[in-house]
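Topology and contacts: notes
Chain by chain, the residues run as shown.
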Amino acid sequence: TYSAYSYTWTPGTIYEITVFERKKPVFAPNVNDYPFEQQSSAACILDDFDFCHNSAASLVAWKINQTFTGNAGVPLLTRIVNNVTTGAPQNWDTRLDDAGWVVTSTPERGAIAQWEADSQDPDGHVAFVFDISRSGDLIVSEYDHYTAPDAYQTRVIRPGSRDYPSTFIVAP
């Protein structure tokens, strides 16, 4: 969103200043509102953010861009962010850090949860942190996790569990 303000510094001269702000997050109900779902994931069909439909990256981009709005409505998360290609989910922490995002070990509502590559997810995995309980359990929205291939799901992940994310990535 943006607002324009006018100030007069010199008599008779009006200067227009445009101030850009990141919209405060709006957390829609944790429902499957993902619009790029398709019947088969045999071929990569690109979504509006240049990620393949039916992928974790596509869902996370959708959730981030629905929750936060960049300057003048420009999406915050696409395949290329500030001239940096995001690549496979296992690389998002390094790549998005290079693009000005905050990489942390502390979960935050609206952050990207990231997992490194392993035998279950050879390219790593990402999910959207929808909420955090008082006890620290994460509630994540995700797509195409190895427990639910080609499907949307919501999971609760306890701190210290094997499934806990390696890193969290917070929008700038």
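Calculation criteria
Residues numbered from 1 in each chain as written. Predicted model: local features only at pLDDT ≥ 70, side-chain atom pairs only at ≥ 80, totals over all residues. Heavy atoms only, no water. Phe/Tyr/Trp six-rings, centres within 6.5 Å; stacked < 30°, edge-to-face > 60°. Helix = DSSP H or I, 4+ residues; strand = E, 2+ residues; numbered from the N terminus. Lys NZ or Arg CZ within 6 Å of the ring centre and 35° of its normal. Disulfide = S-S within 2.5 Å. Buried < 20%, exposed > 50% of the residue type's maximum accessible area, 1.4 Å probe, protein only. pLDDT = per-residue confidence, 0-100. Contact = heavy atoms within 4.5 Å. Expected span 1.5 Å × (residues − 1). Pairing = 2+ DSSP bridges. Axes fitted to C-alpha atoms, helices over the stretch in contact; angles between N-to-C directions.

Examining the packing of aromatic side chains
Applying the stated criterion across every chain yields a total of 3 aromatic pairs. Centroid distance Tyr-34 to Tyr-143: 5.0 Å. Interplanar angle 45°. Geometry classified as tilted. Highlighted residues: Tyr-34 in the loop between strand E2 (13-20) and helix H1 (56-67) and Tyr-143 in strand E8 (residues 138-143), separated in sequence by 109 residues. Measuring from centroid to centroid gives 5.9 Å for Tyr-164 and Phe-168, while their planes differ by 70°, and the two rings are edge-to-face. One residue, Arg-109, lies across the ring of Phe-130, its end atom 5.5 Å from the ring centre.

Quick word on the state of the cysteines
Summed over all chains, the structure comprises 1 disulfide. Covalently, Cys-44 is tied to Cys-52 through a disulfide, its sulfur atoms 1.8 Å apart. Its S-S torsion of about -95° marks the bond between Cys-44 and Cys-52 as left-handed, since a negative value means left-handed. What makes Cys-44 partly exposed here is its relative accessible area of 46%.

Some points on the confidence of the model for the protein
Across the protein, the average pLDDT comes to 79, with 74% of residues at or above 70. Every residue in residues 1-9 is under pLDDT 50, and counting partners more than four places away or in other chains gives 28 contacts. Note that pLDDT drops below 50 for residues 15-22; the model gives that stretch 30 contacts with residues more than four away or on any other chain.

With respect to H1
The terminal C-alpha atoms of H1, which comprises 12 residues, lie 16 Å apart, in line with the 16 Å expected from a rise of 1.5 Å per residue. Burial within H1 is extensive, with 11 of its 12 residues counted as buried. Buried residues of H1: Ala-56, Ala-57, Ser-58, Leu-59, Val-60, Ala-61, Trp-62, Lys-63, Ile-64, Asn-65 and Thr-67, and no others. On its buried side, H1 packs onto helix H2 (92-98), strand E6 (112-115), strand E7 (125-132), E8 and strand E9 (152-157).

Notes on the sheet that holds E6
Strand order in the open sheet formed by 6 strands is E5-E10-E6-E7-E8-E9, and the pairing between neighbours is antiparallel. The sheet terminates laterally at strand E5 (102-104) and E9, the two strands that pair on one side only. Ignoring strand direction, the axes of neighbouring strands in this sheet form an average angle of 30°. Along the sheet face, H1 touches E6, E7, E8 and E9 and points at about 40° away from the line of E7.

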